[in-house]
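Breakdown of the fold
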Amino acid sequence: MIDRAREIALKIIVKIEKDEGYSNLVINEVINENRNSLSDKDVAFISEIVYGVITWKITLDEIIKKYSKIKLKKLSIWILNILRMSIYQIVFLDKIPKSAAVNEGVNLAKRYGHKASSNFTNAILRKVEKKDYKELFEIKDDVERISKTTSMPIWIIKELNKNRNIKEVEEICINLNKKPKINIRVNKLKTSIQEVEKILTEEKIQYNKILEEMPEFLEIEKIKDIENNKFFKKGYFTVQDVSAGLTVKILSPKPNEIVLDACSAPGGKTTYIAEIMENKGKIVAGDIYEHRLNLINENCERLGISIVETKQIDGTIFQEDFYQKYDKILLDVPCLGIGVIRRKPDIKWQKTEEDVKEIIKVQENILKNCSRYLKPGGELVYSTCSILKEENEDIIEKFLNETNNFKIFDLENEVKEFKKYVTKKGFLSIKPSEKNDGFFICKLIKK
């Protein structure tokens, strides 16, 4: 008898491996298709296995190589991923008995392979022990050790190592594997922080306050299927990491201002801008892809926001009617996303070293072009969820060297609880930690 949850997890992993969608989208799609036959426990287990395999792929493959005489590239995609998910359970999940992981892996191999496949799977899994992972820490070469113990591609480690010592790089890579907390933002247009706290208590959902300066953000635990929660649907709160919200707080939009959010989809920051503005004024929310604008409109409707106008724009191409039109501009530019790998582990396998140069060109062009849309005396926030200097400090410094009508706004007194992360030049640069994603924020003033 095949365990249904494990079989569904395997199918999701294979779809992702075949590049048929991002992990979160594929998980939601497949689980929704099978929701009637799955318990909440099954859904949680499937997510654990899928994200575990995607996160730890390099490490899991290294353990397979130790015991397999067949090269990984010669294994079928099904058998390879059966091995990965079974080894993940043996090595990383203490509550799963090894016998269960082995037996269920062999059962799946019988269905998705042949007799030789199941015998091969059985032979490898019976040899695997938790110590196989611990042995990887004995590797002497620092880059190789970090790569194999944190499952981080070598090119990312080398990029991080350009401006940091190897000990700090290792710390970052370890933190990028820690499971992220879920943050919600209370929508004060529809309710109050106290009312949402009362609702969470009544629903027996654990929550914690995060930042004194941003009390509308709460860290929550043990919530199931959040997007189907009736209070989420009513627009009482939305899901947003506090670091993303901090970008908007630093932008400091005011009621009745005209604001541009140039790279806005899916609209988390856009809607927060609107809430801070008390739904008064005007926000133009742009994105290069029309279908992504629909996500912004849906979020605005759910949250009761009426001041947002969505518009399909390319941030790198000048729009005459935007010239010196805006009081505030938010540029949360496309980036490699290294700082949020723990939320989007696909990044590790979908991005390459060659992407660094390409994304930098896009970032430079967006900043140079959209800065022209700002009124004299206006304020522009440039942000990324990346932690590479080339995407952040270098972009700003090059821009300032090429123009003489902007200056950096020193963030030291803007974010009291993050003050220690503000650099000498006034940038806010946070590396990934147990509590925070990695991100970068810079505020510029037009003279």
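Here, the structure is the one placed above.
Residues numbered from 1 in each chain as written. Predicted model: local features only at pLDDT ≥ 70, side-chain atom pairs only at ≥ 80, totals over all residues. Heavy atoms only, no water.

1. Thoughts on the overall build of the chain
For clarity, the cut-off: For helices the rule is a DSSP run of H or I covering at least 4 residues; for strands it is a run of E covering at least 2, with both sets numbered from the N terminus onward. Only protein chains enter the accessibility calculation, which uses a 1.4 Å probe; a residue is then buried when its area is under 20% of its type maximum, exposed when over 50%, and partly exposed in between. Contacts are assigned to residue pairs with any non-hydrogen atoms lying within 4.5 Å of each other. Exposure was quantified through the Shrake-Rupley algorithm and a 1.4 Å probe, taking into account, for residues, occlusion by the shown protein chains and nothing else. Charge assignment in this entry is limited to Lys and Arg as positive and Asp and Glu as negative, and neither His nor the chain termini are counted. For charged residues, the charge sits on one atom: NZ in Lys, CZ in Arg, CG in Asp, CD in Glu.
Check the secondary structure of the chain and you find 19 helices and 12 strands. Counting all 447 residues of the chain, 53% fall into the buried class. In the chain, the share of contacts with a sequence separation of at least 24, taken over all contacts with a separation of at least 6, comes to 73%. Total accessible area on the chain stands at roughly 21400 Å², and carbon and sulfur atoms take up 48% of it. Positive and negative side-chain charges of the chain, numbering 79 and 70 respectively, have mean locations separated by a distance of 4 Å.

2. A few points about the pattern of salt bridges
Oppositely charged side chains are able to pair whenever their charged atoms sit close together. Rules: Within this document, salt bridges are pairs made up of a side-chain nitrogen of Lys or Arg and a carboxyl oxygen of Asp or Glu, the two lying within 4 Å of each other.
Across all of its chains, the model carries 41 salt bridges by this definition. Two residues, E17 and K57, come together in a salt bridge whose shortest N-O distance is 3.2 Å. With E17 in helix α1 (residues 4-17) and K57 in helix α4 (residues 57-67), this residue pair connects regions lying 40 residues apart in the sequence. R343 is paired through a salt bridge with D241; the nearest N and O atoms lie 2.6 Å apart. One end of the pair, R343, is in the loop between β8 (326-332) and α17 (347-350); the other, D241, is in the loop between β4 (237-239) and α14 (242-251), with 102 residues separating them in the sequence. Take R343: its relative accessible area is 28%, and that puts it in the partly exposed class.

3. A closer look at the sheet that holds strand β1 (residues 182-186)
Stated formally: Following DSSP output, two strands are said to pair if at least two bridges run between them. Only C-alpha atoms enter the line fits that serve as axes; for helices the fit covers just the stretch in contact. Angles between N-to-C directions range over 0 to 180 degrees.
Reading across the sheet, the 4 strands line up as β2-β3-β1-β4 and stay open at both edges, with antiparallel pairing between neighbours. The outermost strands of the open sheet, each flanked by one partner alone, are β2 (206-211) and β4. Strand-to-strand twist of the sheet, defined as the mean angle between neighbouring strand axes without regard to direction, takes the value 35°. Looking at chain direction, β1 and β4 are connected through 3 bridges and run antiparallel. Residue pairing in the sheet places R185 in a bridge with T238 of β4.

4. A closer look at the environment of Q363
We apply this condition: Pairing of N or O atoms within 3.5 Å defines a polar contact, subject to two protein rules: one partner must be a possible hydrogen donor and the other a possible acceptor, and residues neighboring in sequence count only if both atoms are side-chain atoms.
Looking at the element boundaries, Q363 is found in helix α18 (residues 353-370). Taking the C-alpha atoms as reference, Q363 lies 9.1 Å from N392; in sequence the two are 29 residues apart. Once you skip the residues sitting within four places of it in the chain, Q363 turns out to touch V333, P334, C335, Y382, T384, E391 and I395. One polar contact links Q363 to E391, side chain to side chain, over a distance of 2.9 Å.

5. Description of helix α10 (residues 154-161)
Within the sequence span of α10, burial applies to W155, I156, I157, E159 and L160. Along its buried surface, α10 packs onto α9 (142-150), α11 (166-175), α17 and α18.

6. Considering the nonpolar core
For the record, the criterion: Definition of nonpolar core: a set of buried residues of the types Ala, Val, Leu, Ile, Met, Phe, Trp, Tyr and Cys, connected through side-chain atoms within 4.5 Å.
Core analysis: the biggest nonpolar cluster contains 52 residues, and I12, I46, I49 and V50 have the highest contact counts within it. Breaking this core down by element, the ones donating at least two residues are α1, α2 (23-33), α3 (40-55), α4, α5 (77-92), α6 (98-112) and α7 (115-127). Of all the elements, α5 adds the most residues to this core, at 9 residues. Those residues in contact with V50, other than ones at most four positions away along the chain, are A9, I12, I13, I16 and I27. Grouped together as the second largest cluster of nonpolar side chains are 46 residues, V143, M152, C370 and L444 included.

7. Quick word on the pairing of strand β5 (residues 258-261)
Relative to strand β6 (residues 282-287), β5 runs parallel, the two being bridged by 4 bridges. By the bridge assignment, I258 is partnered in β6 with K282. Looking at chain direction, β5 and β8 are connected through 3 bridges and run parallel. By the bridge assignment for β8, V259 is matched with K328.

8. With respect to the packing of aromatic side chains
Note the cut-off: Aromatic rings from Phe, Tyr and Trp, with only the six-membered ring used for Trp, were paired whenever their centres fell within 6.5 Å, and each pair was classed as stacked if the ring planes differed by under 30 degrees, edge-to-face if by over 60, and tilted otherwise. For a ring to carry a charge above it, either NZ of a lysine or CZ of an arginine must fall within 6 Å of the ring centroid while also lying within 35 degrees of the normal to the ring plane.
All chains considered together, the criterion is met by 16 aromatic pairs. For the ring pair F217 and Y272, a centre distance of 5.4 Å and an interplane angle of 80° mean the geometry is edge-to-face. Of this pair, F217 sits in strand β3 (residues 214-221) while Y272 is found in helix α15 (residues 268-276), placing the two residues 55 residues apart along the sequence. Among the residues examined, F217 registers a relative accessible area of 0% and is labelled buried. Lying over the aromatic face of F318, R372 brings its terminal NZ or CZ to 3.9 Å of the ring centre. Geometry around F409 places K443 over its ring, the cationic atom sitting 4.7 Å from the centre.

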